[in-house]
Each structure stands twice: as structure tokens, then as C-alpha cells.
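# Chains, contacts and geometry: an overview
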Amino acid sequence: MKKVTFHLVSDATGDTLEQVAKAALAQFPDIEPVKHHWPMIRTTRHMERIIPEFREKPGLIMFTLVNPEIEEVLVAACKENNWPYISVMQGIIRELGVHLGATSIARPGMQHEMNEAYYDRIDAIHYTLAHDDGQLTDGLAEADIILVGVSRTSKTPTCIYLANRGIKAANVPIVPGCPIPKELEENKHKFIVGLVNSADRLIQIRRNRLLSLKQEGETTYVDEDAVKEEVQMARRLFSKNGWPVIDVTRRSIEETAVAIINLKQKYDAEKARSAGE
């Protein structure tokens, strides 16, 4: 692994820059990035104060700066010292301005503005946390999406990811020997998705879970035949109720969430079309 220094400079929280850098660096698995974060750079004087840090730890400078004066200070220093740099946002903002025939307001942190969408996202997160793993099933009627699956099919992290997109997501576990909650039966008109995983993968994840809890020994939780029966039972339940199914065996949380959102959009479109006929 080759270590490479990166300076991530932003006039806001730096979340956007971090995500872009992370996504791009994932394409270079032989590189071990050493990141230095410089968020909330709001004045030219502040920018000037951190430039000596780049001299002490030279590396590639990536930045998201919407204020042209602050950007000018940084770019001038990069050119003077022959430091490599990448402006992550300016090219996009410039091309958007040309396409839209509009001028950027050059105000940092606008994506974090506390508007209606922001509060909807907070409400969704609160709802999802309160309705995790079958809690408060009497509130399922308020859900935008309900996920159902056996233990360790990534229901909780997927719901949290969806909640961060402003979607109220609840999840209900399938427990061997226990009927599904009557509230789920009463809300069959809601958008419900079944999550499944291969038996082999489930056993592996569950064993790791038990090890992390310092619980050893064989139980039906990791017994191959019992787990296979759980998976089949879940599939029969989903088929009986006509719920769409997503196999999460080889999917990341993000990929599963995107698949769910796409299914929800199709579901809503079909519902709207049926209502209009």
C-alpha cells in the first residue's frame, strides 16, 4: 500500500468533499490515503493561516469552495508552490450556471439549510429509530416503507439509510415459531418489501454476531437446516402476500436501499395510474 497525503478543504462541513474523495479513492485500492480535513474555511484570512500546514505535509489538495476570493487565495498558493489541486465543485457550478442561465449565490453549506426537507428528514429518522425491529407496530400505518425479513438481513441499517433520504421506514422481524404482528396484516396496503439472504451468508453473519457477544456453542440460530427453513419460510410468506423480494446476499446497504426506492417509485406510479383509470 502506497501512502498518499490528501488535504480536504471546504468552506462548509466538508461532508460532500469527503464523500467525493471516498468514492474516487475506492477506485485505487493500492493507495492508502492520509487525509487532513480543513472544514469551515469562511474567510481569506483563515485560508491564509492554514496554507503553511500544506507546506509541512505536502500532498494533493482537494477543495469545495464557493467563495471565489477564498478559492483565489488557495489556488494562488498552489500555483506558487507547485502543489497539485482539484476543485471539486467549481466546474459543476460553472456549467450549471451556463445551462440554467443563472448566477450562483456563492453561499456555502446550502445543502444543510434547515428548510422543510431538512425537518422531514429529521422526522423520518426519529420515526425509523422508534419503529426498528418490530417496535411500536401500532405506528406502521404512518410508514412510507416497511421492510420484513429474518434476523441479519440488514433491515435496520437499510431503514436508517432510507430515513436519511427523508423516508419513514419501519422494519419487522420474522421470528421462527411466532406469527407476524397483526398490525402488519392490517397494513397490507402499505408498501412492504421482503429482504432475504442466502443461508450460508446468514450463518456466517450470525456466527460473527455471536462471537462479538462472546456467545459460543451451536444453536438453531446458526444451525444450517434451521436457517435454511427460516429462509424458505420467509420466501413463502412474501409470496403469499405478494410482497416484492430483494436478495441482499451480494448487495451493499446503499444498493439495497436504491433498489427499494426504485420499487417504491414503480409502486407509486402504478397506484396513481390505477386511481386515474
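Our subject is the structure that appears above.
Predicted, not measured: the structure shown is a model, and the values here were computed from it. (Residues numbered from 1 in each chain as written. Predicted model: local features only at pLDDT ≥ 70, side-chain atom pairs only at ≥ 80, totals over all residues. Heavy atoms only, no water.)

Below, the discussion takes up the overall build of the protein. Of regular secondary structure, the protein possesses 10 helices and eight strands. The C-alpha atoms of the protein give a radius of gyration of 24 Å, which is well past the 19 Å a tight globule of 277 residues would have. Overall, the protein is about 70 × 55 × 25 Å in size when its C-alpha atoms are taken along their principal axes. The buried share among the 277 residues of the protein stands at 35%. Residue pairs at least 24 apart in sequence account for 74% of intrachain contacts in the protein once pairs closer than 6 positions are excluded. As presented, the protein carries roughly 16600 Å² of accessible surface, and 52% of it is formed by carbon and sulfur atoms. Charged side chains in the protein number 35 positive and 39 negative. The centres of these two groups are separated by 2 Å. (Helix = DSSP H or I, 4+ residues; strand = E, 2+ residues; numbered from the N terminus. Rg over C-alpha atoms; globule rule 2.2 N^0.38 Å. Buried < 20%, exposed > 50% of the residue type's maximum accessible area, 1.4 Å probe, protein only. Contact = heavy atoms within 4.5 Å. Areas by Shrake-Rupley, 256 points an atom, 1.4 Å probe, with all protein chains shown as cover. Lys, Arg positive; Asp, Glu negative; His and termini not counted. Charge placed at Lys NZ, Arg CZ, Asp CG, Glu CD.)

In the structure shown here, the tally under the stated rule is six aromatic pairs. Ring centres of Trp38 and Phe54 lie 6.1 Å apart, and the angle between their planes is 85 degrees; this geometry places the pair in the edge-to-face category. With a gap of 16 residues between them, Trp38 in strand S2 (residues 31-38) and Phe54 in helix H2 (residues 44-56) connect regions that are remote in the sequence. Judged on exposure class, the residue Trp38 and its partner Phe54 are both buried. Their ring planes at 50 degrees and their centres at 5.0 Å tell us that Phe191 and Tyr267 sit as a pair that is tilted. On the criterion of sequence distance, the pair formed by Phe191 in the loop between helix H7 (182-186) and strand S7 (192-196) and Tyr267 in helix H10 (residues 253-276) is long-range, its members being 76 residues apart. The buried category is assigned to Phe191, whose relative accessible area is 5%. Cluster of aromatic residues (ring-pair linked, three or more members): Trp38, Phe54 and Trp83. Lying across the ring of Tyr221, Arg206 places its NZ or CZ 4.5 Å from the centre. (Phe/Tyr/Trp six-rings, centres within 6.5 Å; stacked < 30°, edge-to-face > 60°. Lys NZ or Arg CZ within 6 Å of the ring centre and 35° of its normal.)

Once that is clear, we can look at the side chain of Asn241. When you line up the elements, Asn241 lands in helix H9 (residues 224-241). A polar atom in the side chain of Asn241 sits 2.9 Å from the backbone oxygen of Leu237. (Polar contact = N/O pair within 3.5 Å; in protein donor to acceptor, adjacent residues only side chain to side chain.)

Counting residues in each nonpolar core, the largest one holds 22 residues, and the members touching the most others are Ile146, Val148, Ile174, Leu184, Phe238 and Trp243. Those elements giving two or more residues to this core turn out to be strand S5 (145-149), strand S6 (169-173), S7, helix H8 (199-212) and H9. Take this core: its biggest share by element is five residues, from H9. Residues Trp38, Ile51, Ile61 and Trp83 belong to the second largest nonpolar core, which totals 17 residues. (Core = buried A, V, L, I, M, F, W, Y, C linked by side-chain atoms within 4.5 Å.)

We now examine the sheet that holds S2. Pairing is parallel across the open sheet formed by four strands, whose spatial order is S2-S1-S3-S4. The open sheet terminates on both sides in strands that have one partner only, identified here as S2 and strand S4 (85-87). The mean angle between the axes of side-by-side strands here comes to 25 degrees, regardless of whether they run parallel or antiparallel. Here strand S3 (residues 60-64) pairs with S4 via three bridges, running parallel. Its bridge partner being in S4, Phe63 is matched across the sheet by Ser87. (Pairing = 2+ DSSP bridges. Axes fitted to C-alpha atoms, helices over the stretch in contact; angles between N-to-C directions.)

Let us now look at the environment of Thr128. Considering the arrangement of structural elements, one finds Thr128 in helix H5 (residues 116-130). Given the relative accessible area of 3%, Thr128 is considered buried. Distance in space between the C-alpha atoms of Thr128 and Arg42 is 35 Å, their sequence separation being 86 residues. Those residues in contact with Thr128 that sit more than four places away from it in its chain are Cys159, Ile160, Ala163, Ile167, Lys168 and Ala169.

Most of S5 sits inside the fold, with five of its five residues counted as buried. As paired elements, S5 and S6 share five bridges and run parallel to each other. Its bridge partner lying in S6, Ile145 is registered against Ala169. Each parallel crossover has a hand, and for S5 linked through helix H6 (residues 155-163) to S6 it is right-handed. (Right-handed = clockwise from strand over helix to strand, strands pointing away.)

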